[in-house]
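# Notes for the structure review
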Amino acid sequence: MDTKHYTEVLIDGRIYTLGGTEDEGYMQRVASYINEMITTLKRQEGFTKQSAEYQTAMVELNMADDYFKAREQIAQLERQKHEMEKEVYSLKHELVTTQMKLEAANKELAAGRTSRQAASAGNASESKKNAGQIGGTVRTGSENKE
């Protein structure tokens, strides 16, 4: 079970004791956010001339506005994340396909070298056989006497 924390916060010049499972620093940040909202609204002309209920409603509406904008931003970021994940998957698939083609081409190239080497070796032995022939006649050292 979570431990309940208590802390005193200052909101619009009044001290309140807040209790919750969040740490004291978090509760202070929440109070600070509310104070910033109130301060911003109080800077607007005519706001302080309104009733306390109106002022409270405006603070609540502005906070709700921030909340819904944050939710929309989260949804947009989630959509972007999903699109990026799809793109990464597609790029990985393309990479694997390209690697497979490269490996196949390398195997074909290696097989071509092996058959050329075998053919080249066969041609070399034929060349050695043909090296001693002139005009279709094989000459040996004893036949070269004149």
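Let me sum up the structure you'll find in this document. (Residues numbered from 1 in each chain as written. Predicted model: local features only at pLDDT ≥ 70, side-chain atom pairs only at ≥ 80, totals over all residues. Heavy atoms only, no water.)

## Details of the pattern of salt bridges
Just so we agree on the cut-off: A pairing counts as a salt bridge when a side-chain nitrogen of Lys or Arg comes within 4 Å of a carboxyl oxygen of Asp or Glu. Helix and strand labels come from DSSP, where a helix needs a run of H or I of at least four residues and a strand needs a run of E of at least two; each type is numbered from the N terminus. Exposure is judged per residue with a 1.4 Å probe applied to protein chains only, and the accessible area is read against the type maximum: over 50% gives exposed, under 20% gives buried, and values in between give partly exposed.
In the structure shown here, the tally under the stated rule is five salt bridges. Note that Lys42 and Asp12 form a salt bridge whose closest N and O atoms lie 2.6 Å from each other. Residue Lys42 is located in helix H1 (residues 24-42), and its partner Asp12 is located in the loop between strand E1 (5-11) and strand E2 (14-20); the two are separated by 30 residues in the primary sequence. A residue is classified by how much of its surface remains accessible, and Lys42, at 36% relative accessible area, is partly exposed. Assessed through its relative accessible area of 33%, Asp12 is described here as partly exposed. One salt bridge in this structure joins Arg79 and Glu72, with 3.3 Å as the shortest N-O distance.

## Examining the nonpolar core
Our working definition: Think of a nonpolar core as a cluster: buried Ala, Val, Leu, Ile, Met, Phe, Trp, Tyr and Cys residues, connected wherever their side-chain atoms sit within 4.5 Å. Should any heavy atoms of two residues lie within 4.5 Å, those residues are counted as being in contact.
Counting nine residues, the largest nonpolar core consists of Val9, Ile11, Ala31, Ile34, Met37, Ile38, Leu41, Phe47 and Val59. Once residues within four sequence positions are removed from consideration, Val9 is found in contact with Arg14, Ile15, Tyr16, Leu18, Met27, Gln28 and Ala31.

## Observations concerning the layout of surface pockets
Heads up, the condition is: Of the grid points, spaced at 1 Å and generated over the protein atoms alone, those admitting a 1.4 Å probe that cannot get out make up cavities, while open sets with protein on both sides within 12 Å along at least five of seven lines make up pockets; any residue with an atom within 4 Å of a point is treated as lining. Grid points are joined across faces, edges and corners, and a volume is the space filled by probe spheres set on the points. Amino acid classes used here: Ala, Val, Leu, Ile, Met, Phe, Trp, Tyr, Cys and Pro are nonpolar; Asp, Glu, Lys and Arg are charged; the rest, including Gly, are polar.
Here the largest pocket defines a volume of roughly 210 Å³. Secondary-structure elements contributing two or more residues to the lining of the largest pocket are H1 and helix H2 (52-131). No other element matches the six residues that H2 contributes to the lining of the largest pocket. Split by residue class, the lining of the largest pocket holds six nonpolar, two polar and three charged.

## What to know about the side chain of Gln55
Rules: Here a polar contact means two N or O atoms within 3.5 Å. Within protein one must be a hydrogen donor candidate and the other an acceptor candidate, and residues neighboring in sequence count only if both atoms are side-chain atoms.
Within the element layout of this structure, Gln55 appears in helix H2. A polar contact is formed between the side chain of Gln55 and the backbone oxygen of Phe47, at a distance of 3.2 Å. Once you skip the residues sitting within four places of it in the chain, Gln55 turns out to touch Phe47, Thr48, Lys49 and Gln50.

These results come straight from atomic positions and should not be treated as a statement about function.
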